[in-house]
Amino acid sequence: MTDRVATTLGLYPLPDWAKDELSSLKGHQKADLVDGSEGPEVRAAYERVREELIDDQRTAGLDRIVEGQGRWDDWLAHPLAVHDSVETGGIVRYYDNNNFYRDPRVVDELTADGDVAAELDAATGLLNDDESLQAVLPGPYTLAELATDEYYGDDAEFLAAIAEFLAGEVEALPPHETLFLLDPSLVTNPPADGENERVSEAVDTVAAATDADVVLQSYWGAHEEKTYAHLMDADVDAFGFDFVAGDRDAHLYNVTEYGTKDAISLGLVDGQNTAVEAADTVAERIDWVTEQIPSQTFDTVYATPNTELAYLPVSTYREKLSALADAVELAAETEVSA
């Protein structure tokens, strides 16, 4: 029987009280964004944010709990933006939306710094014994694409250094059930000819640093055929597909032509639209996708939003968490009764 898991890609919206309080404590300028040197009052505010984001997931009934990434002012560029070997430059548009991040300019050798591990250590202390932690990090290709290299001087060497940096971060993490690597640049700006093998190797480097199940999740499109074919060589447990903004036919073609892993992650809830999906609609989407791949029975199906959820109002994001959890329960009931 397939294990259906309701989870998310992290990066949640800040509670309204936190926006006001942190704005007052931190200021409003680029230099006031999180850089790893926050004072005690700011740290205390983010601790309360973490508690609330975890409680939101618990209330909704999700099967995996993420830390929520309330401190990630720079979105997926955060792990570099707080690093001592990085200087943050000008403001850059974050993909094709109205959000921005500071350009992380790598000016010295990248080594593990434990920033994400510290967040997850704190999250672990908030979990009940029967709750499972999920780690979230940018994928190596996306993090390299979001950054500016002013130290390594070679694209291949830079990607390898990013992968080693992320692997070091993963090795420092507390025990976790799953690791989601978010790699939207794989579809928004696919690797050029000759780069695909290096990208697959970079993913392997990060995935090898944990014994947890690893999901490589892309969104805002579908993989080019050549990219997907090379990614099949990567030693991950699942690929994540965006079935909201991505080309469904392209997803299904790649899976049918090249196969996929024994688990699959399905982005089925719109992380950027305030319309809340009904749980039974999401459950039907889970069944529809798996029915389109009759040649494969999945050990695990992760049901997720198609993107991060920080684009949404707090009330809407909470409703979408509940829709995901309820949909997975409905889908499981349908399988049992079939």
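Analysis parameters
Residues numbered from 1 in each chain as written. Predicted model: local features only at pLDDT ≥ 70, side-chain atom pairs only at ≥ 80, totals over all residues. Heavy atoms only, no water. Helix = DSSP H or I, 4+ residues; strand = E, 2+ residues; numbered from the N terminus. Rg over C-alpha atoms; globule rule 2.2 N^0.38 Å. Buried < 20%, exposed > 50% of the residue type's maximum accessible area, 1.4 Å probe, protein only. Contact = heavy atoms within 4.5 Å. Areas by Shrake-Rupley, 256 points an atom, 1.4 Å probe, with all protein chains shown as cover. Pairing = 2+ DSSP bridges. Right-handed = clockwise from strand over helix to strand, strands pointing away. Expected span 1.5 Å × (residues − 1). Arc of directions from axis to C-beta. Core = buried A, V, L, I, M, F, W, Y, C linked by side-chain atoms within 4.5 Å. Axes fitted to C-alpha atoms, helices over the stretch in contact; angles between N-to-C directions. Parallel < 35°, antiparallel > 145°, perpendicular 65-115°, else oblique. Left-handed = near helix turned anticlockwise from the far one by under 90°. Nonpolar A, V, L, I, M, F, W, Y, C, P; charged D, E, K, R; others polar.

Trainee: What am I meant to see in the overall build of the protein chain here?
Mentor: Helix and strand counts for the protein chain come out as 12 helices and 10 strands. A compact globule built from 338 residues would reach a C-alpha radius of gyration of about 20 Å, and the protein chain, at 19 Å, matches this within 12%. Structurally, the protein chain occupies a C-alpha span of about 55 × 45 × 35 Å along its principal axes. For the protein chain, buried positions account for 57% of its 338 residues. By sequence separation, contacts in the protein chain at least 24 residues apart represent 80% of the contacts at least 6 residues apart. For the protein chain, the accessible area works out to roughly 13,800 Å², and carbon and sulfur atoms hold 42% of it.

Trainee: Would you take a moment to explain the pairing of strand β10 (residues 300–305) for this structure?
Mentor: Of all six residues in β10, six are buried, a share of seventy percent or more. As judged from the four bridges shared by strand β1 (residues 3–6) and β10, these two strands associate in the parallel manner. Opposite Ala 6, over in β10, you have Ala 303 as the bridge partner. In terms of strand pairing, strand β9 (residues 263–269) meets β10 through six bridges, oriented parallel.

Trainee: How should the sheet that holds strand β2 (residues 86–93) be read in this particular structure?
Mentor: The pairing of strands in a sheet happens through backbone hydrogen bonds and is either parallel or antiparallel. Spatial strand order, β2-β3-β5: three strands in an open sheet with mixed pairing. Strands with a single pairing partner mark the edges of an open sheet, and in this sheet they are β2 and β5 (148–149). Both strand β3 (residues 100–106) and β5 contribute to a ladder of two bridges, which runs parallel. Paired with Val 106 across the strands is Asp 149, a residue of β5.

Trainee: I'm lost on the pairing of β9 in this one. Help?
Mentor: In regular strands, side chains alternate between the two faces of the sheet. Counting buried residues along β9, seven of its seven residues qualify, which places the element largely inside the surrounding structure. Taken together, the five bridges between strand β8 (residues 238–242) and β9 define a ladder with parallel strand orientation. Residue Phe 241 lies in a different strand from β9, and its bridge partner there is Leu 266. A crossover connection joins β8 to the parallel β9 through helix α10 (residues 248–258); in handedness this β-α-β unit is right-handed. What joins β9 to β10 is helix α11 (residues 279–291), and the crossover it makes is right-handed.

Trainee: Teacher, can you tell me more about α11 here?
Mentor: Structural remark: α-helix, 3.6 residues per turn; residues separated by three or four positions point the same way. For α11, which comprises 13 residues, the first-to-last C-alpha distance of 18 Å matches the rise-based estimate of 18 Å (1.5 Å per residue) to within 8%. Residues of α11 that are buried: Ala 279, Val 282, Ala 283, Ile 286, Asp 287, Val 289 and Thr 290. Each buried residue of α11 sits inside an arc of 165 degrees when the element is viewed along its axis, so together they form one side. Of the exposed residues in α11, those oriented more than 90 degrees away from the buried face are Glu 284 and Glu 291.

Trainee: What is the right way to read the nonpolar core from this model?
Mentor: It is characteristic of soluble globular proteins that their nonpolar side chains tend to be buried jointly. In terms of nonpolar packing, the biggest core is built from 108 residues, with Leu 80 and Tyr 94 touching the most fellow members. At nine residues, helix α6 (residues 155–171) tops the list of elements feeding residues into this core. Not counting residues within four places of it along the chain, the set of residues in contact with Leu 80 comprises Val 86, Pro 104, Val 106, Leu 110, Leu 143, Ala 147, Ile 162 and Phe 165.

Trainee: Would you take a moment to explain the packing of helix α1 (residues 16–26) against helix α2 (residues 40–60) for this structure?
Mentor: Packed helices, taken two at a time, are described by the angle between their axes plus the distance between the axes. For the pair α1 and α2, the least separation of the axes is 10 Å and the interaxial angle reads 165 degrees. Judged on the interaxial angle alone, α2 and α1 are roughly antiparallel. In this structure, α1 meets α2 at a crossing whose hand is left-handed. Within the contact between the two elements, α1 uses Trp 17, Ala 18, Glu 21, Leu 22, Leu 25 and Lys 26 and α2 uses Glu 41, Val 42, Ala 45, Tyr 46, Arg 48, Val 49 and Glu 52. Residue classes in the contact of α1 with α2 are distributed as eight nonpolar, no polar and five charged.

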